[in-house]
Amino acid sequence: DKIKMMDKFMVGCGQSRYFSMALFDLLLHSQEAPYKFGEHNNLSLEELHRKCLEEHTKFEQLKDTHPCASWYHLVIGYDAGYYGYGWSDVYAADAFATLLAHPKGSMSPEAGAKLRDEILGPCATRSGSEMLRR
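The written sequence of each chain sets the order in which its residues are numbered from 1. Totals for whole chains, interfaces and linings use all residues, but because this is a predicted model, local features are given only for residues with pLDDT of at least 70 and pairs of side-chain atoms are given and counted only at 80 or more. As a convention, hydrogens and water are excluded, and side-chain values are obtained from all of the structure's heavy atoms.

**As for the packing of helix H1 (residues 2-30) against helix H2 (residues 45-57)**
1) Next: It is at 8 Å that the axes of H1 and H2 come closest, and there the two elements cross at 145°. Along this stretch, H1 crosses H2, giving a crossing that reads as right-handed. Note on element contacts: H2 touches H1 through Leu-45, Leu-48, His-49, Cys-52, Leu-53, His-56 and Thr-57, opposite Ser-16, Arg-17, Phe-19, Ser-20, Met-21, Leu-23, Phe-24, Leu-27 and Leu-28.
2) Next: Three classes are used, and their members are as follows: Ala, Val, Leu, Ile, Met, Phe, Trp, Tyr, Cys and Pro are nonpolar, Asp, Glu, Lys and Arg are charged, and the others, Gly among them, are polar. Here the residues of the contact of H1 with H2 sort into ten nonpolar, five polar and one charged. Axis lines are fitted through C-alpha atoms, for helices just across the contact stretch, and the angle between N-to-C directions can take any value from 0 to 180 degrees. Each helix is a run of DSSP H or I of at least 4 residues and each strand a run of E of at least 2, with the numbering of both proceeding from the N terminus. Left-handed describes a crossing in which the near helix is turned anticlockwise from the far one by less than a right angle; the clockwise case is right-handed. Any two residues whose heavy atoms approach within 4.5 Å at even a single point are treated as in contact.

**A closer look at the nonpolar core**
1) Next: What makes a nonpolar core is a set of buried Ala, Val, Leu, Ile, Met, Phe, Trp, Tyr and Cys residues whose side-chain atoms join them at distances within 4.5 Å. Partly exposed residues are those whose accessible area sits between 20% and 50% of the maximum for their type, while under 20% is buried and over 50% is exposed, using a 1.4 Å probe and protein chains only. By size, the foremost hydrophobic cluster in this structure holds 15 residues, and its most contacted members are Phe-24, Phe-37, Leu-48, Cys-52, Trp-71, Leu-74 and Tyr-82.
2) Next: Taken together, the elements giving at least two residues each to this core come down to H1, strand S1 (35-37) and H2.
3) Next: It is H1 that provides the largest number of residues to this core, a total of six residues.
4) Next: With near-sequence residues (within four places) excluded, Phe-24 lies in contact with Leu-45, Leu-48, His-49, Cys-52, Cys-68, Trp-71 and Leu-74.

**Some details on the pairing of strand S2 (residues 40-43)**
1) Next: Pairing between strands is defined by DSSP: at least two bridges between them are needed. As paired strands, S1 and S2 are joined by two bridges and run antiparallel to one another. The partner of Phe-37 across the bridge, within S2, is His-40.
2) Next: Hairpin remark: S1 followed by S2, antiparallel, with two residues in the connecting loop; positive phi at Gly-38, about 60°.

**Digging into the side chain of His-49**
1) Next: Structurally, His-49 is set in helix H2.
2) Next: Classification of His-49 as buried rests on a relative accessible area of 6%.
3) Next: The definition of a polar contact used here is a pair of N or O atoms within 3.5 Å, where within protein one atom must be able to donate a hydrogen and the other to accept one, and adjacent residues in sequence count solely through side-chain atom pairs. A polar contact of 3.4 Å, which involves the side chain of His-49, links it to the side chain of Gln-61.
4) Next: Leave out the neighbours within four places in its chain, and His-49 touches Met-21, Phe-24, Gln-61, Pro-67 and Cys-68.

Next up, the structure:
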């Protein structure tokens, strides 16, 4: 039980960190410096990152570290797309829930055929939202 609890805790920590970084990325690309976050004004890039991290993970940033300097998404033209990783997790969970709810079972040939025919087969020939609505 302790291992399962720790696993859930670590997943939660990772998701909270991801959310804080995605929020930071969106804020960074939607404002000009100096930055604002909640009630905090005139923030530098590093201060904005630290405020997002501490607000959403409840952990303090390690002293004398500069995470923005090692986060390549910020400088490769990715713009505010980092949050897209979260959406892909949501879509994957939704597709998995659909398989689990299949009347003949998630491992049935019919469930596999639906996944193949509606998602894997069409691939980029249909929009993602169209495939997931089926």
